[in-house]
Amino acid sequence: MAEETQGPAPYRGPPRSGGLPSFVGTALAAAILLIAGGGVFAGGYFTNAAVDDDGGGTPVVVNPTAPAGTAVPTQPPPVAASPDDDPSVGPQDASVTIIEFSDFQ
Amino acid sequence: MRFVYRDFPLSSIHPWAQKASEAGECADDQGKFWEYHDAVYANQTAITQALQTASAAGDASAGLTAAVDALKGLAPGVDLDTAAFNQCLDSGKNAQEVQKDYQDGISYGVEGTPAFFINGVLVSGAQPFANFKTVIDAALQKAGG
C-alpha cells in the first residue's frame with residue numbers, strides 16, 4: 001500500500017530523454033580536462049628539465065654535445081654572426097648575444 | 001645578455017629605409033642611437049606621409065628629400081647636435097657602413113626583417129616571445145649558464 005501511495009511518478013523525477021547523457025558528458029569533460037592538464041604539466045616539466053641544467057641530477061638530459069641548432073629542429077645551424085661595431089646594450093662579454101637585423105620603415 | 005642592432009634596409013620596398021639607417025648611424029656617432037631609433041619608429045607614418053605627399057607633388061627625388069627632412073626633424077627631440085647630425089646625414093658618410101651591415105646580413109642568411117641571431121641561431125620574423133625564450137634558454141644552457 002505504501003508503494004501505491006508513493007507511486008513512481010513523484011519520485012522518479014521528470015522524464016529524461018536519454019538516461020545519463022548529462023552525467024556522462026560531465027564525466028567526459030572532466031576526464032578530458034584531466035588529460036589535457038596532465039599534458040600541459042608534463043610538457044612544462046619536460047621543458048623545464050630540458051633547459052634547467054642546474055646540476056640537480058635531473059634524469060631527463062638533453063644531449064649536451066648536440067649543436068645548439070638542434071635545440072629547435074626547424075632552425076638552420078648557427079652562423080658566426082658578427083656584432084661589428086654597431087649600437088648595442090649590455091656587457092660585451094655577455095654569455096648570450098642577440099643581433100637584430102632590421103630596418104626603420 | 002647583450003643586444004646589438006644592425007641595419008638591413010629593404011630599399012626595394014622601403015624608399016626611405018636606407019637614409020633612416022644612415023640617420024641612425026649618425027645618431028650613434030653622438031651616442032644617441034637608441035633614443036633616435038625609438039623616435040623614428042614612433043614617427044614612421046609621418047615620415048612616409050611626408051615622402052608620399054612630396055612625391056605626388058614632385059617626383060621620387062622630392063619625396064626622398066622630404067623624408068630626409070622629416071628624419072632631420074626628429075634630431076632636436078632627442079637632443080642631438082642638429083648641425084652635426086644634418087651634415088652627417090647629407091654627406092652620406094655612413095652609407096657604406098649601412099650597406100656593410102646589409103651585406104653581412106645577406107651572408108648570414110637574412111631574408112627579411114626583423115631577423116635575430118641568438119648566439120648565432122637565426123630567429124626570423126616577429127615571432128612570439130616563447131620562441132625567443134626557447135632559443136635563449138638553449139643558448140644559456142650551452143654557455144653553462
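Note that this is a predicted model, so its numbers are computed, not measured. (Residues numbered from 1 in each chain as written. Chains lettered and ligands numbered in written order. Predicted model: local features only at pLDDT ≥ 70, side-chain atom pairs only at ≥ 80, totals over all residues.)

Trainee: Help me get a handle on the overall build of chain A, residues and values and all.
Mentor: Counting its regular elements, chain A contains 3 helices and 2 strands. Mapped in sequence order, the helices and strands of chain A form the string α-α-α-β-β. When each of the 105 residues of chain A is scored for burial, the buried share is 13%. (Helix = DSSP H or I, 4+ residues; strand = E, 2+ residues; numbered from the N terminus. Buried ≥ 20, exposed ≤ 12 C-beta atoms within 10 Å, placed from the backbone.)

Trainee: Can you lay out the nonpolar core for me, pointing to particular residues and giving the numbers?
Mentor: Grouped together as the largest cluster of nonpolar side chains are 25 residues, with contacts concentrated most on Ala 67 and Leu 71 of chain B. Filtering out sequence-adjacent residues up to four positions away, Leu 71 of chain B remains in contact with Lys 19, Ala 20, Ala 23, Ile 47 and Leu 89 of chain B. Formed by 21 residues, the second largest nonpolar core is a distinct cluster that contains Ala 81 and Phe 101 of chain A together with Phe 8 and Val 110 of chain B. (Core = buried A, V, L, I, M, F, W, Y, C linked by C-beta atoms within 7 Å. Contact = placed C-beta atoms within 7 Å.)

Trainee: Account for the sheet that holds strand S1 (residues 88–89) of chain A, with residues named and values stated.
Mentor: Overall, mixed pairing links the 5 strands, which are arranged S1(A)-S1(B)-S2(A)-S2(B)-S3(B) in an open sheet. On the outer flanks of this sheet lie S1 of chain A together with strand S3 (121–124) of chain B, each paired with one strand and no other. Across 4 bridges, strand S2 (residues 97–102) of chain A lies against strand S2 (residues 115–118) of chain B in antiparallel orientation. Looking at the pairing, Ile 98 of chain A lines up with Ile 118 of chain B of S2 of chain B. (Pairing = 2+ DSSP bridges.)

Trainee: Any chance you could break down the interface of chain B and chain A for me, citing the residues and the numbers?
Mentor: Quite often, the size of an interface is put as the accessible area lost when its parts meet. Taken together, the contact pairs 49 residues of chain B with 34 residues of chain A. With 9 residues, the top contributor of residues to the side of chain B that touches chain A is helix H7 (residues 129–142) of chain B.

Trainee: Quick rundown of the packing of helix H1 (residues 17–29) of chain B against helix H2 (residues 33–42) of chain B? Include the residues and the values.
Mentor: The relative placement of two packed helices is expressed as an angle between their axes plus a distance between the axes. All names here are of chain B. Across the interface, H1 lies against H2 with an axial gap of 7 Å and an inter-helix angle of 150°. As judged from the angle between their axes, H1 and H2 are roughly antiparallel. For the element pair H1 and H2, the recorded crossing hand is right-handed. Each of Ala 20, Ala 23, Gly 24, Ala 27 and Asp 28 in H1 lies in contact with H2, whose residues at this interface are Phe 33, Tyr 36, His 37 and Val 40. Across the contact of H1 with H2, the residue classes break down as 6 nonpolar, 2 polar and 1 charged. (Axes fitted to C-alpha atoms, helices over the stretch in contact; angles between N-to-C directions. Parallel < 35°, antiparallel > 145°, perpendicular 65-115°, else oblique. Left-handed = near helix turned anticlockwise from the far one by under 90°. Nonpolar A, V, L, I, M, F, W, Y, C, P; charged D, E, K, R; others polar.)

Trainee: So what's going on with the pairing of S2 of chain B? Residues and values would help.
Mentor: Residues and elements named next belong to chain B. Here S2 shows two buried faces, one formed by Ala 115 and Phe 117 and the other by Phe 116 and Ile 118. Relative to S3, S2 runs antiparallel, the two being bridged by 4 bridges. Residue Phe 116 lies in a different strand from S3, and its bridge partner there is Val 123. Joining the antiparallel neighbours S2 and S3 is a turn of 2 residues, in which Asn 119 adopts a positive phi near 45°.

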